[in-house]
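Examination of the molecular architecture
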Amino acid sequence: MDWKQQNHDKMATRKNIASPPRKSVSASSSDVQLHICGVPFSLNREVLTAKSAKLAAVLKENPEDDVSHLLGDIPTDSETFELVARFCHGFDISLLPENVIKVLCLANYLGMSEDHSTNNLIKKACFYFQNNILPSWNKCIKALKSAETILPQAADLALVDACAELIITKVVHDPSLLGEPIRNVTTTDDDSENDESTYKPNVRRRLFVLDWKSEDLTVLSIALYEPIIRAMIHQNVPLEYVASSLFHYLTKWVFPGTKGEDETSVYERNSQREIIEAVERLLPQERGLIPCSLLSQMLQSAIMLDANTDCKSGLETRIGKQLDQATVKDLLIPAQGYAKEEQYDTECVKRIMKYFYSNYTSTDESGLIAVAQLIDDFLAEVASDIDLKLKTFLSLTDLSLAASEGTHRNSDGIYKAIDIYLDKHRYLTDRERDEVCRMLDCNNLSPEACEHAAHNEKLPVRVMVQILFSVQLKLKDTVAKRIQRGSGNLLLKLEEDEEDATRTSSSEEEVKAEMEKMGSKVLELEKECHMMRRAIQRGSYQHKIQKEKTSMWKEMKRKFGCMTSLHETNCHVKKKKVHPR
């Protein structure tokens, strides 16, 4: 693993802790004056010479000179240097997971080894690292986190590899150290207490171990986290646990509202764009490991952060693989940039749909039906966008129609979307409204949709007439089937009750009356259909509707010459002049 790929800026800590090595007013001329990250130190030459091979060589070559300018580039921070200085002056020092790697790196830089001194700092720190850090999961992670500021030096000494190998080995034996799979981590706190499948530490561990909670890998920078996760995948750690850790990492550093105050330094060192691109590279390709809702959240973040094309395309591909498990909310991806006039990124959704259909190989049609319904629902949702262009809406309508082909679904979804679009875009011309309704199959609407459409004033008259005509034809077929079924029932009844003449005669009369009634209704419907067809051909159906609304009184006045048109109501017949006698 290449641990040198990212060299972070040094951290400067200014803790004003009084200690013997610090510079004092009465410092003697034999003391060495140094400034580490702006903090002054006054160190005894003999002590430094006895403990550090590097300082001994520098002081030997410059016995009387000021060597502060020669030692000003020591790669450490003031706190770590103070620990080393205290050790040189014979004071006890406290090694911790948070400082042991820094102390080891500085001790190695200063040459504080067995070759120079029997009581040396490298030996002491290595013993602590070997016996206190490596056996512990929590301490290894803490030590790695502290090494982020001196990653190249720590990698050269194989300290990073030692911690990483320990972490990977433990995860191979116990994958739950990465966190429970996503099906459990998304539950609320209240639910998790009652969920038996949620990870809970052993009761004995909780009572007798103060830091029973496992340290999370997500505290590490992406420079450390990525190679560790990659090695785990190579070691065949179950992918559901890997996916869980990856999502937790994004939740901590990328998704909104998750960054804490204590995470500011890592957050600043690792840009969100780099993180989401790295996580996408690590994300398993297997279907269903991460729900579509989370993949959609990742994709929206990648678009917002302007991640590279491979990252966005990879996330679209993963959503496309399991599109039949998605919801409309998962596809409502906001359009980005000032040049985007529409509310949602419909082109992105088209690419996701294209991937699903071009790679769907299952013989089960349930996936195709689910996606067809999803597209209908998506079309209805985006139709309410006032900025949605007519061209875009028509292209989405074509997609919805194509998706429903072969699934034996009605056109109610498309009708609903058209109704919403016409309601939100009332400025459309008659020609544009006709174009919107172009893809609507009037013969494939449910009775409920037909009833709604018959009273829908937003629809063009042509569409309403087509729907009414379709309803009449369906009604005619229904009546014909009822007549046929009635005739069959009559014949069956006659065969079964042939010996009972009275009962048979009565049944025959009832069926005959029913048949005559239905026959009359069929003739009436045929007459109405014939008249509607002629009205459509003449283009005068609208005039006919208005004419039928004329009252009987007006009709009578028109016949008697009291009005010249349907809209004139004044009588023009001259009254006879009556002369007085």
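Residues numbered from 1 in each chain as written. Predicted model: local features only at pLDDT ≥ 70, side-chain atom pairs only at ≥ 80, totals over all residues. Heavy atoms only, no water.

**Topic: the overall build of the protein**
- Across its full length, the protein holds 28 helices and two strands.
- With 581 residues in all, the protein has 43% of them scored as buried.
- Carbon together with sulfur atoms contributes 50% to the accessible area of the protein, which is approximately 33,700 Å² in total. (Helix = DSSP H or I, 4+ residues; strand = E, 2+ residues; numbered from the N terminus. Buried < 20%, exposed > 50% of the residue type's maximum accessible area, 1.4 Å probe, protein only. Areas by Shrake-Rupley, 256 points an atom, 1.4 Å probe, with all protein chains shown as cover.)

**Focus: the pairing of strand β2 (residues 39–44)**
- Across six bridges, the pairing between strand β1 (residues 31–36) and β2 is antiparallel. Looking at the pairing, Q33 lines up with S42 of β2.
- The loop that links β1 with its antiparallel partner β2 comprises two residues; one of these, C37, has a positive phi angle of about 55°. (Pairing = 2+ DSSP bridges.)

**Some remarks on the packing of helix α20 (residues 366–382) against helix α21 (residues 390–404)**
- Packing of α20 against α21 brings their axes to within 8 Å, and their N-to-C directions diverge by 160°. Regarding the angle of α20 to α21, the classification is roughly antiparallel. As α20 runs across α21, the sense of the crossing is left-handed. For the pair α20 and α21, contact is made by A372, I375, D376, F378, L379 and V382 and by F393, L396, T397, L399, S400, A403 and S404, respectively.
- Here the contact of α20 with α21 is composed, by residue class, of nine nonpolar, three polar and one charged. (Axes fitted to C-alpha atoms, helices over the stretch in contact; angles between N-to-C directions. Parallel < 35°, antiparallel > 145°, perpendicular 65-115°, else oblique. Left-handed = near helix turned anticlockwise from the far one by under 90°. Contact = heavy atoms within 4.5 Å. Nonpolar A, V, L, I, M, F, W, Y, C, P; charged D, E, K, R; others polar.)

**Comments concerning helix α3 (residues 78–88)**
- In terms of residue burial, α3 counts as a mostly covered element, since nine of its eleven residues are buried.
- Next to the buried residues of α3 lie β1, β2, α1 (45–51), α4 (100–110) and α5 (121–133).
- At the N-terminal end of α3, a side-chain oxygen is found 3.1 Å from the backbone nitrogen of E79, two or three residues along, and the residue is D77.
- Phi turns positive one or two residues past the end of α3, at G90, with a value near 90°. (Polar contact = N/O pair within 3.5 Å; in protein donor to acceptor, adjacent residues only side chain to side chain.)

**Some points on unusual backbone geometry**
- At A158, a position not held by glycine, the phi torsion is positive, near 65°.
- Tracing the backbone through its elements, the reader meets A158 in the loop between α7 (151–156) and α8 (159–173).
- On the accessibility criterion, A158 (39% relative accessible area) is partly exposed.
- One non-glycine residue, N236, lies in positive phi territory at about 65°.
- Among the structural elements, N236 can be located in the loop between α12 (222–234) and α13 (239–253).

**Quick word on the packing of α21 against helix α22 (residues 412–424)**
- It is the contact of α21 with α22, at a shortest axis distance of 11 Å, that shows an interaxial angle of 170°. Considered as vectors, α21 and α22 are oriented roughly antiparallel to each other. Residues L390, F393, T397, S400 and L401 of α21 form the contact with α22, whose own contacting residues are I414, A417, I418 and Y421.
- By residue class, the composition of the contact of α21 with α22 is seven nonpolar, two polar and no charged.

**What about empty space enclosed by the protein?**
- Inspection of the entire model under this criterion finds five cavities of 30 Å³ or more.
- There is about 70 Å³ of room inside the largest cavity.
- Residue lining of the largest cavity: L283, P284, Q285, E286, R287, L289, I290, L295, R318, K321 and Q322, and that is the complete set. (1 Å grid on protein atoms, 1.4 Å probe; cavity = no way out; pocket = protein on both sides within 12 Å on 5 of 7 lines; lining within 4 Å. Points joined across faces, edges and corners; volume = space filled by probe spheres on them.)

**Thoughts on the environment of A85**
- Mapped onto the elements, A85 comes out in helix α3.
- Residue classification places A85 among the buried residues on the basis of a relative accessible area of 3%.
- C-alpha of A85 to C-alpha of K51: the two residues are 34 residues apart in sequence and 9.7 Å apart in space.

**Concerning the environment of D115**
- Considering the arrangement of structural elements, one finds D115 in the loop between α4 and α5.
- Accessibility expressed as a relative area gives 78% for D115, which makes it exposed.
- Remark: the alpha-carbon pair of D115 and A53, spanning 62 residues in sequence, is separated by 8.8 Å.

**Comments concerning the nonpolar core**
- Among the nonpolar cores identified, the biggest contains 140 residues, and I101, L217, M232 and L323 are the most heavily contacted of them.
- Residues in contact with I101, not counting those within four places in the same chain, are F129, A143, L144, A147, I150, A154, L159 and C163. (Core = buried A, V, L, I, M, F, W, Y, C linked by side-chain atoms within 4.5 Å.)

**Let's talk about the pattern of salt bridges**
- Scanning all chains against the criterion turns up eleven salt bridges.
- Of the charged contacts, one joins R281 and E226 as a salt bridge, the two residues approaching to 3.2 Å between their closest N and O atoms. Of this pair, R281 sits in helix α15 (residues 272–282) while E226 sits in helix α12, and the two are 55 residues apart along the sequence.
- What makes R281 partly exposed here is its relative accessible area of 45%.
- Here the residues in one salt-bridge network are E226, R230 and R281, joined through shared partners. (Salt bridge = Lys/Arg side-chain N within 4 Å of Asp/Glu carboxyl O.)

**Some details on helix α19 (residues 346–359)**
- Along its 14 residues, α19 runs 20 Å from first to last C-alpha, staying within 8% of the 20 Å computed at 1.5 Å per residue.
- Taken as a whole, α19 has its buried residues at T346, C348, V349, I352, M353 and F356. Down the axis of α19, the buried set is contained in an arc of 155°. They therefore lie on one face. Set apart from the buried face of α19 by more than 90 degrees, the exposed residues are K354 and S358.
- Where α19 is buried, its residues meet α16 (292–304), α17 (309–321), α18 (328–331), α20 and α21. (Expected span 1.5 Å × (residues − 1). Arc of directions from axis to C-beta.)

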